[in-house]
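Residue-level structural notes
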Amino acid sequence: MLALLLCALGAAGGCGGEVRSRGPFDGEAALAYARVFMEFGPRVPGSEAHRRAGDWIAAEMRKRADTVIEQRWVHVTRGGDSLPLRNVLARFRPQVRERVLYVAHWDSRPRAENARDPAQRSLPTPGANDGASSVGLLIALADLLRSQPVPYGVDLLFVDGEDYGEFGPPEVDVLLGSTYFAANPPEPDYAPLFGVVWDMIGDADLQIDQEEHSVREAPEVVARVWDAAARLGYSSYFRPQVWGPITDDHLPFLRRGWRVIDVIDITYPYHHTVEDTVDKISARSLKIVGDVAWEVLQ
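About the thresholds
Residues numbered from 1 in each chain as written. Predicted model: local features only at pLDDT ≥ 70, side-chain atom pairs only at ≥ 80, totals over all residues. Heavy atoms only, no water. Helix = DSSP H or I, 4+ residues; strand = E, 2+ residues; numbered from the N terminus. Buried < 20%, exposed > 50% of the residue type's maximum accessible area, 1.4 Å probe, protein only. Contact = heavy atoms within 4.5 Å. Lys, Arg positive; Asp, Glu negative; His and termini not counted. Charge placed at Lys NZ, Arg CZ, Asp CG, Glu CD. Salt bridge = Lys/Arg side-chain N within 4 Å of Asp/Glu carboxyl O. Phe/Tyr/Trp six-rings, centres within 6.5 Å; stacked < 30°, edge-to-face > 60°. Polar contact = N/O pair within 3.5 Å; in protein donor to acceptor, adjacent residues only side chain to side chain.

Looking only at helices and strands, the protein features nine helices and eight strands. Based on the C-alpha atoms only, the size of the protein along its principal axes is roughly 65 × 50 × 35 Å. Taking all 298 residues of the protein together, 57% fall into the buried category. Pairs at least 24 residues apart make up 78% of the contacts formed inside the protein by residues separated by at least 6 positions. Across the protein, the 31 positively charged side chains and the 43 negatively charged ones have centroids separated by 4 Å.

And the structure:
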């Protein structure tokens, strides 16, 4: 009887599979941004699609943020290739000392090694959930931050080169943008209050567990995010169980001493395949994660 009452009152998230509006975040807008981003094609570093996609992110952020900083550098891979890379940092209320860092990677992987068909494993991944979903999320958050300032300064960081090389162990030619930003922050004493890497968060079958490195090294940030999800009634999507450890963009920040966690749906079945296409992501899932990301900032 209590469970039925909670569902009737909308206090138990996921009852009957229906997600009611719990905040101002626009999941449909986030999906629309992801769709536009996908039109550039696979964002493999060094390609024309990669250059044009990076230009688009920077241009969209200049429409919304108070300050936009582009970090450009060339990474020489273990195999001797030179990769032109770019991070885009969009800053809201840059004069505020206390800051929150939200991160998404925007590149896509040059090979689909998890493809079921061996002939497809040398092809680049489209990177819809693995990249574009998080880009759409941050741009939709930027829309809100422009119109509804929050108590903190907020930095939205789009990192490049996360998915290029081998995740190991050892890690080789991956996490390139986050590693560069950790070594080259916007100010010498830059240290966010906390941060979140949002990765693969648009899967229509959303299942986000707590990542092991995050739980071990920044448990208070994990608690902050999962408590926000619980307040919104989203505990069936942000599950209180640990998965991992996972190699992702939070690791260079944790090594720097910043309290940054990874929010990732690692159960996504099309990860690093040619089937990671835009039809696999949903406005509903982006709404759920966007609501949580916004609630965390309140």
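Attention shifts here to the pattern of salt bridges. Under the criterion given, the structure shown has 24 salt bridges. For R51, the salt bridge identified is with D55, shortest N-O distance 2.9 Å. Of this pair, R51 and D55 are both found in helix α3 (residues 48–62), four residues apart, which corresponds to roughly one turn of the helix. For R86, the salt bridge identified is with D55, shortest N-O distance 2.9 Å. On the criterion of sequence distance, the pair formed by R86 in strand β2 (residues 82–92) and D55 in helix α3 is long-range, its members being 31 residues apart. Here R86 falls in the buried class, since its relative accessible area comes to 5%.

What the rule picks out here adds up to 14 aromatic pairs. Taken together, a centroid distance of 6.3 Å and an interplanar angle of 85° make the contact between Y152 and F194 edge-to-face. On the criterion of sequence distance, the pair formed by Y152 in the loop between α4 (128–147) and β4 (153–159) and F194 in strand β5 (residues 194–199) is long-range, its members being 42 residues apart. Each member of the pair, Y152 as well as F194, carries the same accessibility label: buried. Centre to centre, the rings of F181 and F253 are 6.3 Å apart; their planes meet at 90°, and the pair counts as edge-to-face. Linking F181 in helix α5 (residues 176–183) with F253 in helix α8 (residues 250–256), this pair joins segments that are 72 residues apart in sequence. Judged by its relative accessible area of 0%, F253 is buried. In this structure an aromatic cluster arises from ring pairing among F181, Y190, F253 and W258.

Positionally, S133 belongs in helix α4. One polar contact links the side chain of S133 to the main-chain carbonyl oxygen of N129, over a distance of 2.7 Å. Non-local contacts of S133, meaning those with residues more than four positions away in its chain, are made with A128, M200, I201, G202, I281 and L286.

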